[in-house]
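Overview (structure and organization)
One-letter residues, chain by chain:
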Amino acid sequence: MEVWDVVVLGDGPAGLAAASNAASEGANVLLMTTEALGRRDPRMADGLAAAIDESTNRGHREDTIRSGAFLSDQDIVASVTSSAVREADLLERRGVIFRRDLRGLPHVRRLPGHGQPRVIGSGDADSRELQQVMEEQCMRHGVVRRSDQIPLRLVHTGQRVQGIVVADLTGGRILGLQCKALILADGGASDLAHTGRGGHGLSLALDADLPLRDMEFLASTPLGVRDTSMTLPLGLLADGAVVCESDGSPIDLGDDLNSAVNAVRTAKEAVIDLRDLGEARPWYDATFRLLAQRLGVDADRQTVAIEPRAYASLGGIPVDEEGRAVIGSWSRWFTGLYAAGGTACTGLHGAGLLPGNLVLDALTSGRAAGASAAAWLVDQAHGGSNAVAEAVEQAEADVAAMMAPVESEDGVVRIGSVTSSVSALIRNVFDGGTSGDELAAALETVETLEVSAEALHLDDRSLVANANFEAVLAAQHGVQQARVMLQSAMARTETRGVHVRHDHPDMDAEQMHHTLISSDGTVDTLAVRKGVSGHWVLAPSESA
C-alpha cells in the first residue's frame, strides 16, 4: 500500500493545475491517468476568455450568466471571470505564446455569445501549449505522474475519503493508495456522445453514493468535420472563416453558440470556407495539414463540410468555490473529495457554454481544488488503512470474476457493440432536442445495454498492458452515465439553454435550480447561488 497526501485522477489542464498547486503548497502528490501521459484535450483549443481590453469583468460575467440561461452560480461566475486576466498573465509568464496585436497585447477575438472581443489564444496550438506549460509546472514542483492507472474503487468511511484502489496496468497488479484528499479531474462525460465511453471519475462518485449535477446539459459545437472525428477550433469563426451553404449562399450564425449550432443543423449542406484567413492563416497550420491528411482536402482552395457535434458535458460532480464535492446541499462536503474541470459541475457554465470558458474553468477549478486540498490536509492524519486493504481484496475478487471464462448462449458481447449503441443513443436523444416519450424509450434501451455491458468479453486475462480491461470499464461507465443523463433530462420539464424539450418548449421560472441524480435514480435539486452579497449579480429579469 502506498501513502500520499493528494491523489489526482486526470492528466489534462485541470488535473495538472490541481496537482501542481497542491504540490507547490508542500503536499506529497501523485497524479495518475488511465492513458498515456500528455494526451491533449481538443476542447482546450478554443482559447481563453479574459476581459483584457475591458476596464472590468462585468461584460464577461454577464455574458457568461446569459449564456448559461441564468443557471450559473453567480458568485462563482463573478469570482472566476475576475481571475481570468490573471490566468492569462500566468500562462504567458510560463511560456504560452499567445497571438498578439499591434500594441503587443494578446490579440482578443469576439466569438459567439460574447458582447466584446474577449477570447485570446494561440490558433490551433492552444491545447498543445497549455498541456506543455502545465506539465512543466508539475515537474517543477515534484509531482509524481503515472500512466495506465485504472481507478476501481473510491475508498471512504462515512463519506470521508480514505484512499483509492487502482489497477496498475504497468505492473499488472491491484494497488491500494491511501490518501487524505482525492481530486477527480479526468474529463467527465464529454466523450459519451462521440465514443460511448464514460469518465472513470464520475462513476467513482456515483458508486460512492454522490449524486451528479446538471447532467442534462450537453453543449455542441457547429464545427464538427463531417464523416470524421475532427472538430475545428471555434476561433476560426473570428479569424475570417465563413460558414455557408455548399452553393455559396450565406448562413446566419446568430449571436451565440446555440444559434450557430442550430443554424448549421438546419442548413441543407453547411460548409466552412477557410480561404480568407489572412494574417491569421499561419496560426492554423496544423488544422490545414490535418484536413489534408484525413480528407485529402486543400483548405486553402476548397471548402470543408461541417455538422453540429456534441462537444462538452456541462454536468458533473457538484462542487463549491473551493472544488469540494458537496452532497445534496451547499453545506455538506464529502470530506476529502474534490473535483475539477470536466469532471466537476463548478457552477460557471450553467445551462449553456460561452466559448473560452472551458479553458478558464479547467484552470481556475483545478487551481482552487489543489490549493484547498493542500491547505485542508495540513491538520489531517492518514487513516483508513484497513478499509483500503479490504477494498483491495474486494477489487481483486471483482477483477478475477471479470476475467473468468463465461459461456453464453448469446455469444460473445464485444465492447464496440455497447459503446457504439451508447454514443448513437446520446446523439439521437440530445441532438436538436428531445421529449418525454423519447427519453422513456431511451431509458428502456439503456436497461438492455446495462445487461450487455456486464457481459462484456475480456480477451486478455492478464492485467499487464491490458487496454481491453480499461475499455470494458469505460464502456460500463458510459452506460451508467448515459442513464443518469437521460434521467436528469427527464426531470427537467422545460427548455433552458442547451436542454431542449419539444413537449415543454418554454423556460419555467420554477425550475431555476440544479438537478441532482443519484446512482439509484433518485432526483433532487440544489439551489442556484446568487452573488456574495445575497443579491443577483444579473437578475433573470435583466435577460435582454
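The paragraphs below set out a description of the structure included in this document. This is a predicted model, so every value here is computed, not measured.

What to know about the overall build of the protein
On a plain count of helices and strands, the protein comes out with 14 helices and 19 strands. For the protein, whose C-alpha radius of gyration is 22 Å, the value lies close to the compact-globule estimate of 24 Å for 544 residues. Principal-axis analysis of the C-alpha atoms gives the protein an extent of 65 × 55 × 50 Å. The buried share of the protein, reckoned over its 544 residues, is 58%. In the protein, 74% of the contacts between residues at least 6 apart in sequence involve partners at least 24 apart. Summing over all exposed atoms, the protein offers an accessible surface of approximately 21200 Å²; the carbon and sulfur share of this is 47%. Positive and negative charge centroids in the protein, built from 46 and 75 side chains respectively, lie 6 Å apart.

What to know about the packing of aromatic side chains
The geometry of two aromatic rings is summed up by the distance between their centres and the angle between their planes. Tallying each qualifying case throughout the model produces two aromatic pairs. Between the aromatic rings of Trp333 and Tyr338, the centroid separation amounts to 5.6 Å while the plane-to-plane angle is 70 degrees, which identifies the pairing as edge-to-face. The class of Tyr338 is buried, set by a relative accessible area of 0%. Here the aromatic rings of Trp333 and Trp376 are separated by 5.2 Å at their centres, their planes lie at 80 degrees, and the arrangement is edge-to-face. Of this pair, Trp333 sits in strand β16 (residues 333–339) while Trp376 is found in helix α10 (residues 357–376), placing the two residues 43 residues apart along the sequence. The rings of Trp333, Tyr338 and Trp376 are connected pair by pair, giving a single aromatic cluster. Taking the ring centre of Trp333 as reference, the NZ or CZ of Arg324 above it sits at 5.5 Å. The ring of Trp330 carries the charged tip of Arg529 above its face, separated from the ring centre by 4.6 Å.

Concerning the sheet that holds strand β9 (residues 212–213)
Judged by pairing direction, the sheet is antiparallel, and its three strands sit side by side in the order β9-β18-β19 without closing on themselves. Pairing within the sheet leaves two strands with one partner each, and these edge strands are β9 and β19 (523–527). Here β9 pairs with strand β18 (residues 513–517) via two bridges, running antiparallel. By the bridge assignment for β18, Leu212 is matched with Ile517. In the packing of helix α14 (residues 467–491) onto the sheet, contacts are made with β9, β18 and β19, and the angle to β18 comes to roughly 140 degrees.

With respect to helix α11 (residues 385–403)
At 3.6 residues per turn, the α-helix brings residues three or four places apart onto the same side. Between its first and last C-alpha atoms α11 spans 27 Å; for 19 residues at 1.5 Å apiece the expected length is 27 Å, and the two agree. Check the buried side of α11 and you find it contacts β6 (149–156), β7 (161–168), β8 (173–184) and α14.

A look at the pairing of β18
Counting buried positions over the five residues of β18 gives four, a clear majority of the element. Here five bridges tie β18 to β19, and the two strands are oriented antiparallel to one another. Residue pairing for β19: His514 is matched across the bridge by Leu526. Between β18 and β19, which pair antiparallel in sequence order, lie five residues; one of them, Gly521, sits at a positive phi of approximately 90 degrees.

Observations regarding the nonpolar core
With 92 residues, the main nonpolar core has Val6, Val29, Leu232, Val243 and Ile272 as its most contacted residues. For this core, the element with the most residues is α10, which contributes nine residues. Residues within four places of Val6 in sequence aside, it is in contact with Ala22, Ala27, Asn28, Val29, Leu30, Ala181, Ile183, Ala373 and Leu377. In this structure, Val319, Leu337, Leu449 and Ala489 belong to the second largest nonpolar core, which totals 77 residues.

Thoughts on the sheet that holds strand β13 (residues 304–313)
The four strands are arranged β10-β13-β12-β11 in an open sheet whose pairing can be described as antiparallel. A single partner strand is all that each edge strand has here, and the edge strands are β10 (218–225) and β11 (242–245). Averaged over all neighbouring strand pairs, the angle between strand axes comes to 45 degrees, with direction disregarded. The pairing of β10 with β13 spans six bridges and is classified as antiparallel.

So, the environment of Arg367
Residue position: Arg367 is located in helix α10. The exposure class of Arg367 is buried, given its relative accessible area of 11%. In this structure, the C-alpha to C-alpha distance between Arg367 and Ala17, residues 350 residues apart in sequence, is 5.2 Å. The residues touching Arg367, leaving out its near neighbours within four places in the chain, are Ala17, Ala18, Asn21, Arg86, Glu87, Leu90 and Arg94.

Rules used in this analysis
- Residues numbered from 1 in each chain as written.
- Predicted model: local features only at pLDDT ≥ 70, side-chain atom pairs only at ≥ 80, totals over all residues.
- Heavy atoms only, no water.
- Helix = DSSP H or I, 4+ residues; strand = E, 2+ residues; numbered from the N terminus.
- Rg over C-alpha atoms; globule rule 2.2 N^0.38 Å.
- Buried < 20%, exposed > 50% of the residue type's maximum accessible area, 1.4 Å probe, protein only.
- Contact = heavy atoms within 4.5 Å.
- Areas by Shrake-Rupley, 256 points an atom, 1.4 Å probe, with all protein chains shown as cover.
- Lys, Arg positive; Asp, Glu negative; His and termini not counted.
- Charge placed at Lys NZ, Arg CZ, Asp CG, Glu CD.
- Phe/Tyr/Trp six-rings, centres within 6.5 Å; stacked < 30°, edge-to-face > 60°.
- Lys NZ or Arg CZ within 6 Å of the ring centre and 35° of its normal.
- Pairing = 2+ DSSP bridges.
- Axes fitted to C-alpha atoms, helices over the stretch in contact; angles between N-to-C directions.
- Expected span 1.5 Å × (residues − 1).
- Core = buried A, V, L, I, M, F, W, Y, C linked by side-chain atoms within 4.5 Å.

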